[in-house]
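What follows is each chain in one-letter form.
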Amino acid sequence: MTTRRTPRTKAFAPDPAAPAGRSCDHPGCALDGAYRAPKSRTSINEYYWFCLEHVREYNASWDFYKGMTPGQIEAQTRADTGWQRPTWPLGSLGKQFDETMLHDPLQLLATGRIKREAAKVNVPTELREPIRTLGLDWPISMDVLKTRYKELAKRHHPDANGGDRAAEERLKTINIAYAVVRHYLTDPPRMAATG
Ligand SMILES: [Zn+2]
């Protein structure tokens, strides 16, 4: 019989930092939220507070996806849209549940449709047309923008198209689009102007 000399922290020990009187974050649960769980892998300093039962459920679904590639996770999510029915957390949300409610900053769980919508929403209005002209996906870096511009400028240059007028027009449009996006990246507008 062996004994461990150093006591180990229990996996589900109540957190001493738990806010007093805080109730479990699981929808509809009124128990004390004495156990903390990170909201996501990318924001490990933001926490949910759960009761013992719900922190176990939460951790079980968290561990479930660990080690999977994004593709495997997406396949799994499609195959089981209820995310480990009947437990956390979709069962209790029922029909009101929508994929967009998942806290999923990396979009690992999102389907193609959600990803496309998110991308569309994020493009600043004044950049939609220029971005489309350049055939790019927002957000982009200055490097990507410049590389793409050089590529397009070369391809549509009148000299490379036998002096073709249409190519010249295309190049003008591309030049304007490039200037607009470059200006935006160099000197982004203040956040106050939302639209
Ligand atoms: Zn609970």
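Residues numbered from 1 in each chain as written. Predicted model: local features only at pLDDT ≥ 70, side-chain atom pairs only at ≥ 80, totals over all residues. Heavy atoms only, no water.

Undergrad: Hey, could you run me through the overall build of the protein chain in this one?
TA: Broken down by element type, the protein chain carries 7 helices and 2 strands. In the protein chain, the succession of α and β elements from N to C terminus is β-β-α-α-α-α-α-α-α. Considering the protein chain as a whole, with its 195 residues, one finds that 29% of them fall into the buried category. Surface exposure of the protein chain reaches about 13700 Å², of which carbon and sulfur atoms provide 53%. (Helix = DSSP H or I, 4+ residues; strand = E, 2+ residues; numbered from the N terminus. Buried < 20%, exposed > 50% of the residue type's maximum accessible area, 1.4 Å probe, protein only. Areas by Shrake-Rupley, 256 points an atom, 1.4 Å probe, with all protein chains shown as cover.)

Undergrad: Would you mind showing me how to read the coordination of the zinc ion here?
TA: Each angle at a metal carrying four tetrahedral donors should ideally be 109.5 degrees, and each at a metal carrying six octahedral donors should ideally be 90 or 180 degrees. Coordination sphere of the zinc ion, protein contribution only: Cys-24 (SG), Cys-29 (SG), Cys-51 (SG) and His-54 (ND1), at 2.0 to 2.4 Å. Because the angles between the 4 donor atoms bound to the zinc ion fall within 100 to 117°, the donor set is best described as tetrahedral. All donors to the zinc ion come from one chain, and their sequence spacing reads C-x4-C-x21-C-x2-H. With a relative accessible area of 14%, Cys-29 lands in the buried category. (Donors = N, O, S within 2.8 Å, 3.2 Å for Na, K, Ca; no water. Tetrahedral: all angles 85-135°; square planar, octahedral: opposite > 155°, others 65-115°.)

Undergrad: Help me understand the packing of aromatic side chains in this model?
TA: To describe a pair of aromatic rings, one takes the distance between the centres and the angle between the planes. Using the criterion set out here, one finds 5 aromatic pairs in the structure. Here the aromatic residues Tyr-48, Phe-50 and Tyr-58 are joined through ring pairs into a cluster of three or more. For the cation-ring pair, Arg-36 lies above Tyr-47, with the distance from its terminal atom to the ring centre recorded as 4.3 Å. (Phe/Tyr/Trp six-rings, centres within 6.5 Å; stacked < 30°, edge-to-face > 60°. Lys NZ or Arg CZ within 6 Å of the ring centre and 35° of its normal.)

Undergrad: Can you help me understand helix α6 (residues 142-156) in this one?
TA: Residue pairs spaced three or four apart in an α-helix point in one direction, given the helix's 3.6 residues per turn. Spanning 15 residues, α6 covers 21 Å between terminal C-alpha atoms, matching the ideal 21 Å at 1.5 Å per step. Restricting attention to buried positions, one finds in α6 the residues Leu-145, Tyr-149, Leu-152, Ala-153 and His-156. For α6, the angular spread of buried residues about the axis comes to 100°, placing them on one side. Looking at α6, the residues exposed on the side facing more than 90 degrees away from the buried face are Asp-143, Lys-150 and Lys-154. Against α5 (128-134) and α7 (165-186) lie the buried residues of α6. (Expected span 1.5 Å × (residues − 1). Arc of directions from axis to C-beta. Contact = heavy atoms within 4.5 Å.)

Undergrad: I would appreciate a short explanation of the side chain of His-156 in the present structure.
TA: Relative to the helices and strands, His-156 is located in helix α6. Ignoring any residue separated from it by four or fewer positions in sequence, one finds His-156 in contact with Asn-161, Ala-167, Arg-170, Leu-171 and Ile-174.

Undergrad: Can you help me understand the confidence of the model for the protein chain in this one?
TA: The predicted coordinates of low-pLDDT regions are not to be read in fine detail. Counting all residues, the mean pLDDT for the protein chain is 71, and 57% of those residues have values of 70 or more. Ranking the elements of the protein chain by mean pLDDT puts helix α3 (residues 90-93) last with 42 and α6 first with 89. Within the model, pLDDT remains below 50 along residues 82-101, and this stretch shows 32 contacts once partners closer than five positions in the same chain are excluded. (pLDDT = per-residue confidence, 0-100.)

Undergrad: Just checking my understanding: could you explain the side chain of His-54 for this structure?
TA: Tracing the backbone through its elements, the reader meets His-54 in helix α1 (residues 52-65). On the accessibility criterion, His-54 (9% relative accessible area) is buried. When neighbours within four sequence positions are excluded, His-54 is seen to be in contact with Cys-24, His-26 and Cys-29.

Undergrad: When you look at the nonpolar core in this model, what are you seeing that I'm missing?
TA: Among soluble globular proteins, nonpolar side chains are generally buried collectively. Ranked by size, the top nonpolar core spans 17 residues in total, and within it Leu-127, Ile-131, Leu-134, Trp-138, Ile-140, Leu-145 and Val-181 carry the most contacts. For this core, the secondary structure elements donating two or more residues are α5, α6 and α7. The element that contributes the greatest number of residues to this core is α7, accounting for 6 residues. Excluding anything up to four places from it in sequence, Leu-145 contacts Leu-134, Leu-136, Ile-140, Tyr-178, Val-181, Arg-182 and Leu-185. Counting residues in each nonpolar core, the second largest holds 9 residues, with Tyr-35, Tyr-48, Cys-51 and Val-55 among its members. (Core = buried A, V, L, I, M, F, W, Y, C linked by side-chain atoms within 4.5 Å.)

Undergrad: Help me understand α7 in this model?
TA: In this model α7 runs 31 Å from its N-terminal to its C-terminal C-alpha over 22 residues, within 8% of the 32 Å that 1.5 Å per residue would give. Of the residues making up α7, those classed as buried are Ala-167, Leu-171, Ile-174, Ala-177, Tyr-178, Val-181 and Tyr-184. Along the axis of α7, the buried positions cluster into a sector of 150°, meaning they face one direction only. Opposite the buried face of α7, by more than 90 degrees, sit the exposed residues Arg-165, Ile-176, His-183 and Thr-186.

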